[in-house]
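Chain by chain, the residues:
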Amino acid sequence: MSHIALITLVVRDYDEAITFYTDALGFELTEDTDRGNGTRWVVVTPPGGAPGTGLLLARAKDNAQAAAVGAQTGGRVGFFLHTGDFAADHARMSAAGVRFLEEPRHETYGSVAVFEDLYGNRWDLLEPR
């Protein structure tokens, strides 16, 4: 059986990304290993997520990668954070300074609101029905 283990998210700075994902989104820092030459292997995982599934936070190495920070999905929602308690997570994230781009919506598939991470990547906070 196969599964997606890590998705790379290109970031400006390791520590600011770790702070956002752990403090504002409630992710867990599951690995932070120095790889030498100023690079690190940094993995954050959502609480209660599937074992072995997370985001690899990779600092941009050159101008081309730096240009992709915050625009990795061309302005579309590219990441989907499922929750079992939409109202509580929305309130907690809002209080932590997460920028929601819309008011919560209650659709046939569930409760949802689009938010941006600290770089402008768009995410759905989603509680499926």
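In this text, all values refer to a predicted model and were calculated from it rather than measured experimentally. The residue numbering used here restarts from 1 in each chain and proceeds along that chain's sequence as written. Reporting in this predicted model follows two pLDDT cut-offs: at least 70 for local features of residues, and 80 or more for side-chain atom pairs to be given and counted; totals over whole chains, interfaces and linings ignore these cut-offs and use all residues. To get the side-chain values, take all heavy atoms of the structure and skip hydrogens and water.

How should I be thinking about the overall build of the protein in this particular structure?
Helix numbering and strand numbering both begin at the N terminus, where a helix is a DSSP run of H or I of at least 4 residues and a strand a DSSP run of E of at least 2. Each helix and strand in the protein was counted, giving 3 helices and 9 strands. Using C-alpha atoms as the atom set, the radius of gyration is obtained and then compared with a globule rule of 2.2 Å times the number of residues to the power 0.38. Its C-alpha atoms give the protein a radius of gyration of 15 Å, within 12% of the compact-globule value 14 Å for 129 residues. Overall, the protein is about 50 × 35 × 30 Å in size when its C-alpha atoms are taken along their principal axes. Within the protein, contacts between residues at least 6 apart in sequence are counted, and of these 53% link residues at least 24 apart. Only the protein chains shown count as cover for residues, and all accessible areas are computed by the Shrake-Rupley method using a 1.4 Å probe. Summed over its atoms, the accessible surface of the protein is roughly 7,400 Å², and 51% of this surface lies on carbon and sulfur atoms. The contact criterion used throughout is that any non-hydrogen atoms of two residues lie within 4.5 Å.

Would you mind going over helix α3 (residues 86–95) with me for this structure?
Since the α-helix turns once every 3.6 residues, residues separated by three or four places project in the same direction. Only protein chains enter the accessibility calculation, which uses a 1.4 Å probe. A residue is then buried if its area is under 20% of the maximum for its type, exposed if over 50%, and partly exposed in between. All of the buried residues in α3 are Phe86, His90 and Met93. Each buried residue of α3 sits inside an arc of 70° when the element is viewed along its axis, so together they form one side. Those residues of α3 that are exposed and aimed more than 90 degrees away from the buried face are Ala87 and Ala95. Among the structural elements, α1 (14–24), β6 (99–100), β8 (110–116) and β9 (122–128) are those in contact with the buried residues of α3. Downstream of α3 by one or two residues, Gly97 has phi in the positive range, about 95°. To be clear, the arc concerns the directions from the helix axis to the C-beta atoms.

It is not clear to me how the sheet that holds strand β2 (residues 28–36) should be interpreted in this structure. Could you clarify?
Within a sheet, each strand pairs with its neighbour through backbone hydrogen bonds, oriented either parallel or antiparallel. Strands sit in the order β1-β4-β3-β2 across an open sheet of 4 strands; the sheet is mixed. Single-partner strands in this sheet number two, and they are β1 (6–11) and β2. Across the sheet, the mean angle from the axis of one strand to that of its neighbour is 25°, orientation sign disregarded. Pairing between strands is defined by DSSP: at least two bridges between the two strands are required. Relative to strand β4 (residues 54–59), β1 is paired through 6 bridges, and the arrangement is parallel. If you follow Val10 over to β4, its bridge partner there is Ala58. In this analysis an axis means a line fitted to C-alpha atoms, helices contributing only their contacting stretch, and an angle means the value between N-to-C directions, from 0 to 180 degrees.

How should the nonpolar core be read in this particular structure?
Inside soluble globular proteins, nonpolar side chains tend to come together where they are buried. One finds Tyr21, Leu57 and Phe115 to be the most contacted residues of the largest nonpolar core, which totals 28 residues. Contributions of two or more residues to this core are made by β1, α1, β3 (39–45), β4, β5 (77–82), α3, β8 and β9. Element by element, the count of residues in this core is highest for α1, at 6 residues. Note on terminology: a nonpolar core comprises buried Ala, Val, Leu, Ile, Met, Phe, Trp, Tyr and Cys residues joined through side-chain atoms within 4.5 Å.

Looking at this model, I keep getting lost on the pairing of β9. Mind explaining?
Looking along a regular strand, one sees side chains alternate from face to face of the sheet. Note that β5 and β9 share 5 bridges and pair parallel. In the strand pairing of β9, Phe80 is matched with Asp124. The sheet contact formed by β8 and β9 spans 7 bridges and is antiparallel. Within β9, the residue paired with Gly110 across the bridge is Pro128. Hairpin connection of β8 to β9: 5 residues between the antiparallel strands, including Gly120 at a positive phi of 105°.

Help me out: how do you make sense of unusual backbone geometry in this one?
Negative phi characterises most residues that are not glycine, and trans characterises most peptide bonds. Phi is positive for Asn37, which is not a glycine, with a value near 55°. Look at Asn37 and you get exposed, because its relative accessible area is 82%.

I would appreciate a short explanation of the UniProt feature "domain: VOC" (unreviewed entry) in the protein in the present structure.
UniProt positions are given in the numbering used here, feature names are shortened, and annotations may be inferred rather than shown by experiment. When the UniProt feature table is mapped to this numbering, "domain: VOC" (unreviewed entry) covers residues 3–128. Helix makes up 21% of residues 3–128 and strand 42%, and the two end C-alpha atoms of the span are 21 Å apart.

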